[in-house]
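Observations on chain architecture
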Amino acid sequence: MTTLLLNGRVHSPVAPDATAMAIRDGVVVWLGSDDAARSEFPLAEVVDLAGAFVAPAFVDSHVHATATGLALTGLDLRTARSHADCLRLVAEYAAAHPDGIVWGHGWDETGWPDAAPPTTADLDAVLGGRPAYLSRVDVHSAVASTGLRSTVAELTAVPGYPPQLPLTADAHHAARAAARDLLSPEQRKGAQHAALDAAAALGIAAVHECAGPDIGGLDDWDALRSLDHGVEVIGYWGEAVGSAEAARALVERTGAHGLAGDLFVDGALGSRTAWLHEPYADAPHTCGNSYLDAAAVTAHLMACTEAGITAGFHVIGDAAVTTVVNALQVVADRFGGPAVARCGHRLERL
């Protein structure tokens, strides 16, 4: 059955004056004028667009569906204008949602009068023993209540752990995983639907889920892949490998389109965890974090290129960029530029 979309403004470089579109089995098969369309497809189902504009759908090439959905349905801290205002929003949300973990996102202390992030003690004073996970706007650090920190074994021995300030690096990943484990399957499914519904509302027909063990874990990944939704989910799995055999096996296990997405070489600027050549001007004690060294980056690219699989990294700081670029040169010298190009390796956040 063919469907005719008439009286529209169709975006088409092939037929820029077209006002009608014919669709058969989900494929655009014809563009032209309304009169010609009626003549060409006399038995088609007709939909009057009443002047609406028709364009190709968008693809969002980097999403985290569950985290996005939780940000949409949970506590939005982007509006907080001060340290005290942030804690007020937390208290109001907790009172309105008395059960389960308090999951929030979006606070940014750089614009607050005192420029001081919330602390563990701040949350405990508001929430008591209730677990809470509140990620910073850059999602590479988070303040966590004692109620959440206490659920993570050996957290104090993990890199990126301060007793009161927001967690970063591996400590943040561990706390986020613990917070995620406190979600029910219904909460996770609701968050994933919320994220994909929001994408569809913006004209996005497909998303690239950048998953991995430090993002949502296999349970979250498998749940998203089994979701029945109109928005297509194209998945990438960010986990380092050291051989072509390991790369093939991991793609087989996950069903991913590649071993890319958020495989972290470094963190983010806002959390002072992006890996820089020189110390931060406002944090001279650090050059940021390096999660994968040059040998690991090169090994991953080498293994994926040999296997013909897309590799990729999350990379922001200039030292991290240099590490990946140098590794790409090593791999290109080994396999040749065309072999590297065929794999479509990805650099996220660059």
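One can find the structure itself at the top, above this paragraph.
To start, this report covers the structure provided alongside it. Quick caveat, the model's predicted, so the values are computed rather than measured. Per chain, residue numbering runs from 1 following the sequence as it is written. Thresholds applied to this predicted model are a pLDDT of at least 70 for local features of residues and 80 or more for the giving and counting of side-chain atom pairs; totals over whole chains, interfaces and linings are not thresholded and use all residues. Values shown for side chains rest on all heavy atoms present in the structure; no hydrogens or waters enter the calculation.

Another aspect to go through is the layout of surface pockets. For each structure, a 1 Å grid was placed over the protein atoms alone; sets of points admitting a 1.4 Å probe that cannot get out are labelled cavities, open sets with protein on both sides within 12 Å along at least five of seven lines are labelled pockets, and lining residues have an atom within 4 Å of a point. Grid points are joined across faces, edges and corners, and a volume is the space filled by probe spheres set on the points. Of the volumes computed, that of the largest pocket is approximately 990 Å³. The wall of the largest pocket is formed by 43 residues, among which H64, A67, T68, A71 and V139 lie closest to the centre. Tallying contributions element by element places helix α2 (residues 65-73) first for the lining of the largest pocket, with 7 residues. Amino acid classes used here: Ala, Val, Leu, Ile, Met, Phe, Trp, Tyr, Cys and Pro are nonpolar; Asp, Glu, Lys and Arg are charged; the rest, including Gly, are polar. Here the lining of the largest pocket is built from residues that sort into 22 nonpolar, 11 polar and 10 charged. Along the walls of the second largest pocket sit 14 residues, with E109, P117, L165, P166 and S271 positioned nearest its centre. A breakdown of the residues in the lining of the second largest pocket according to their chemical character gives 6 nonpolar, 5 polar and 3 charged. Helical segments are the DSSP runs of H or I of at least four residues, strand segments are the runs of E of at least two, and each set is numbered from the N terminus.

Now for the nonpolar core. Buried Ala, Val, Leu, Ile, Met, Phe, Trp, Tyr and Cys residues form a nonpolar core when they are joined through side-chain atoms within 4.5 Å. The classification of residues rests on relative accessible area computed with a 1.4 Å probe and restricted to protein chains. Under 20% of the type maximum is buried, over 50% is exposed, and intermediate values are partly exposed. L259, V265, V297 and F313 are the most contacted members of the largest nonpolar core, which has 30 residues in total. Counting only elements with at least two residues in this core, the list comes to α9 (244-254), α10 (294-307), β16 (310-314) and α11 (318-335). No other element matches α10, which puts 6 residues into this core. Whether two residues are in contact is decided by their heavy atoms, any of which lying within 4.5 Å being enough. Leave out the neighbours within four places in its chain, and V265 touches W275, N289, S290, Y291, L292, V297, F313, H314, A320 and V324. Within the second largest apolar cluster, 17 residues are counted, among which are L87, Y93, A132 and L134.

Turning to the sheet that holds strand β15 (residues 258-259), a few remarks are in order. For two strands to pair, DSSP has to find at least two bridges joining them. The sheet built from 3 strands is open, its strands ordered β15-β16-β17 with parallel pairing. Two strands lie at the open edges of the sheet, namely β15 and β17 (346-348), each paired on one side alone. Two strands pair when backbone bridges link them, and β15 and β16 are joined in this way by 2 bridges, in the parallel orientation. The residue of β16 that forms the bridge with G258 is T310.

The next thing to look at is the side chain of S145. Mapped onto the elements, S145 comes out in the loop between β11 (141-144) and α5 (146-149). Counting of polar contacts relies on pairs of N or O atoms within 3.5 Å, with two restrictions inside protein: one atom must be capable of donating a hydrogen and the other of accepting it, and residues adjacent in sequence are counted only when both atoms are side-chain atoms. Here R130 takes part through its backbone oxygen, which lies 2.9 Å from a polar atom of the side chain of S145. A distance of 2.9 Å separates a polar atom in the side chain of S145 from the backbone nitrogen of A132. Contacts of S145, omitting those with residues within four sequence positions, involve T120, L123, D124, R130, P131 and A132.

What follows covers the packing of aromatic side chains. Put simply, two rings from Phe, Tyr or Trp (the six-membered ring, in Trp's case) pair if the centres are within 6.5 Å, and we call them stacked under 30 degrees between planes, edge-to-face over 60, tilted for the rest. Applying the stated rule across the entire model yields 5 aromatic pairs. Measuring from centroid to centroid gives 6.4 Å for F264 and Y291, while their planes differ by 75°, and the two rings are edge-to-face. Remark: Y291 occurs in the loop between β15 and α10 and F264 occurs in the loop between β15 and α10; sequence separation between them is 27 residues. We classify F264 as buried; its relative accessible area is 6%. Note on Y291: relative accessible area 24%, which makes it partly exposed.

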